[in-house]
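Residue strings, one per chain:
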Amino acid sequence: MNLRAILHIIAISLMAFSFASCSNETKTTSKLLMDSELKTTHIETVVFGLGCFWGAEKRFSQLPGVVDVISGYADGVGVNADYKTITQRKNRFNPNNHAEVIQVSYNPDQVSLTVLLQDFFEQHDPTQLNQQGNDIGTQYRSIILVADQAQITLAENVAAQYQTLLTEAGLGQITTQIKLIDTFYPAEEYHQDYLVKNPNGYCPDHSTGVVFSPADKVENKDNNPILTGQHIVVIDSEFCPYCDKFKADVSNDYQGSIPMHFRRASQLDGLTITSPTWATPTILFMENGVEKFGIQGYVNATQFYKALGYFKLGNSEAFNVAFTEGTDSRFCKQYEIFKNTPDGLFIDKVSGAALFDTRDRFDSGTGWLSFTKAIDDSVYYKQDNRFGMKRLEIRAKKSDIHLGHKFNDGPNGQPRYCINATVLEFKARS
């Protein structure tokens, strides 16, 4: 099975989620205005447009001092303020179209408007005109809508400061519009808290990597270790629920032999990468500093380990056994190596999880590795009725690879775990 086929299998199992689909939704439910408890003298609001409002809503809602964030539309003239209308083809480059925006309600005693403005510039690329990444059109314009002239002056000063930093970094001119707010229209209900309601996917990170305070800058990373051998690079970002989900479901428990590194999109110096780097998470499989292939968006453990399996094993017998439920040849080379190892553990070649102990190994004379049991909680079982036989398949719990079958003809009435050697690695007991 070639790489294209493997990636296709992985891709079709992923949720069909993309921030480009911001342009394709057509539901038209309504969102009530802010709860009355927020309408106090201690709460102020500012409206920001920085591309698709889903990720912006999530990121700003997690900032200290922010009380509430509502996705919506603003700054349009003669265009209905609903998703179906603003995404029509005729309005894509209409300068009078509404922008996708967020209304940020904040406690000025806890966070200043200056800080929010700095966060606004740092969270997207304000040098792009009517665009953020793959989202193109006037609805994605960079815009700040404030309550009075004093706030316009403040926003212009912050923009000027950021322009200086962008220029020093060799980047272009800010295109952000700064205006007085006219009317804010809350978006349809299904757009509110969208990333909470849709936990599988990715967050776009269009930020330039330029920040206001040196203390807040993302630290530089040494990529020299990635330039030699095989490595996994995960493009990460702050306030990304899909990154957090990938860590919880996959990386926090990862024990594989191929090192995994987390990087921001601005920390990839020296690496040769062909995948877009604006979506988080993006998982890159690297060899000698060069990307072999990448996967954009959240993947669960099964999907991740299948991609990792192809990266590590290639188009080999081991991959065929692990992922297409093949079987080793009797008395294969790996069996001959593993049948008489010293005391130790046999581990999953893909995930690194311990599966079998040499102390449970015995010679069944079959030409396949045999054990009386697996390590506790390391495998699970499935009924296998293929080829006219009734067998109990054994699969690795963490990576979901095929290991072999369980039979009832082991020594002294014990089970026999008949295991393929090519999907295992050996680790001597320390």
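Residues numbered from 1 in each chain as written. Predicted model: local features only at pLDDT ≥ 70, side-chain atom pairs only at ≥ 80, totals over all residues. Heavy atoms only, no water.

(A) Region of interest: the pattern of salt bridges. Throughout the structure, instances matching the rule amount to 19 salt bridges. Note that K339 and E336 form a salt bridge whose closest N and O atoms lie 2.8 Å from each other. For K339, a relative accessible area of 31% translates into the label partly exposed. Across the pair D400 and R395 runs a salt bridge, and its minimum N-O distance is 3.2 Å. Linked through salt bridges whose partners overlap, the residues forming this network are E325, D384, R386, R391, E393, R395 and D400. (Salt bridge = Lys/Arg side-chain N within 4 Å of Asp/Glu carboxyl O. Buried < 20%, exposed > 50% of the residue type's maximum accessible area, 1.4 Å probe, protein only.)

(B) Structural context of the sheet that holds strand β1 (residues 44–50). Reading across from one edge, β7-β6-β1-β3-β2-β8 is the order of the 6 strands in this open sheet, with mixed pairing throughout. With one partner strand each, in any of the chains shown, β7 (177–180) and β8 (184–186) form the two edges of the open sheet. Each adjacent strand pair in this sheet contributes to an overall mean axis angle of 35 degrees, direction not counted. Bridge count for strand β6 (residues 142–146) against β7 is 4 bridges, and the pairing is parallel. Each bridged residue has a counterpart across the sheet, and for V146 the counterpart in β7 is L180. On the sheet, helix α4 (residues 113–122) packs against β1, β2 (66–74), β3 (99–106) and β6 and is oriented at approximately 10 degrees with respect to β1. Contacting β1, β3, β6 and β7, helix α5 (residues 149–168) crosses the sheet at an angle of about 170 degrees to β7. (Pairing = 2+ DSSP bridges. Helix = DSSP H or I, 4+ residues; strand = E, 2+ residues; numbered from the N terminus. Axes fitted to C-alpha atoms, helices over the stretch in contact; angles between N-to-C directions. Contact = heavy atoms within 4.5 Å.)

(C) Here's a closer look at the packing of aromatic side chains. All told, the structure shown has 25 aromatic pairs when counted by the stated rule. Between the aromatic rings of F53 and Y73, the centroid separation amounts to 5.9 Å while the plane-to-plane angle is 50 degrees, which identifies the pairing as tilted. Here Y73 lies in strand β2 and F53 lies in helix α2 (residues 53–61), a separation of 20 residues in the sequence. On the accessibility criterion, F53 (0% relative accessible area) is buried. Here the aromatic residues F246, Y254, F285, F293, F304, Y305 and F311 are joined through ring pairs into a cluster of three or more. The aromatic ring of F262 is capped on one face by K247, whose charged end is 5.3 Å from the ring centroid. (Phe/Tyr/Trp six-rings, centres within 6.5 Å; stacked < 30°, edge-to-face > 60°. Lys NZ or Arg CZ within 6 Å of the ring centre and 35° of its normal.)

(D) Examining the sheet that holds strand β15 (residues 344–348) more closely. What the 3 strands build is an open sheet, ordered β16-β15-β23; its pairing is antiparallel. Looking along the sheet, the strands with just one partner apiece sit at the ends: β16 (354–357) and β23 (424–428). Taking the axes of each pair of neighbouring strands and ignoring which way they run, one obtains an average angle of 35 degrees across the sheet. Pairing of β15 with β16, which is carried by 3 bridges, proceeds in the antiparallel orientation.

(E) Representation of the nonpolar core in the model. With 90 residues, the main nonpolar core has F48 and F304 as its most contacted residues. In terms of residue count, the dominant contributor to this core is helix α8 (residues 301–313) (8 residues). Sequence-distant contacts of F304, that is, excluding residues within four places in its chain, are made with I232, F246, V250, Y254, M260, I283, F285 and V299. By size, the runner-up hydrophobic cluster in this structure holds 8 residues, among which are A74, A99, I143 and F184. (Core = buried A, V, L, I, M, F, W, Y, C linked by side-chain atoms within 4.5 Å.)

(F) Broad picture of the environment of S61. Residue placement: S61 occurs in helix α2. The exposure class of S61 is partly exposed, given its relative accessible area of 37%. Placed 43 residues apart in sequence, S61 and V104 show a C-alpha to C-alpha distance of 8.0 Å. Apart from residues no more than four positions distant in its own chain, S61 is found in contact with V66 and V69. There is a polar contact of 2.7 Å between the side chain of S61 and the backbone oxygen of K58. (Polar contact = N/O pair within 3.5 Å; in protein donor to acceptor, adjacent residues only side chain to side chain.)

(G) Spotlight on the pairing of β1. When you tally the buried positions in β1, you get 5 out of 7 residues, the bulk of the element. With 5 bridges joining them, β1 and β3 adopt antiparallel strand pairing. Residue V47 lies in a different strand from β3, and its bridge partner there is Q103. Direction of pairing for β1 relative to β6: antiparallel, over a ladder of 4 bridges. Following the sheet pairing, G49 is matched in β6 by I143.

(H) Examining the packing of α4 against α5 more closely. The interhelical angle for the contact between α4 and α5, taken along N-to-C directions, is 45 degrees, at an axis separation of 10 Å. Classed by the angle they form, the pair α4 and α5 counts as oblique. As for the relative orientation of α4 and α5, their crossing is right-handed in sense. Taking contact as the criterion, the partners of L113, T114, L117, Q118, F121 and E122 in α4 are, on α5, Q151, L154, A155, V158, A159 and Y162. Looking at the contact of α4 with α5 residue by residue, the class counts come to 8 nonpolar, 3 polar and 1 charged. (Parallel < 35°, antiparallel > 145°, perpendicular 65-115°, else oblique. Left-handed = near helix turned anticlockwise from the far one by under 90°. Nonpolar A, V, L, I, M, F, W, Y, C, P; charged D, E, K, R; others polar.)

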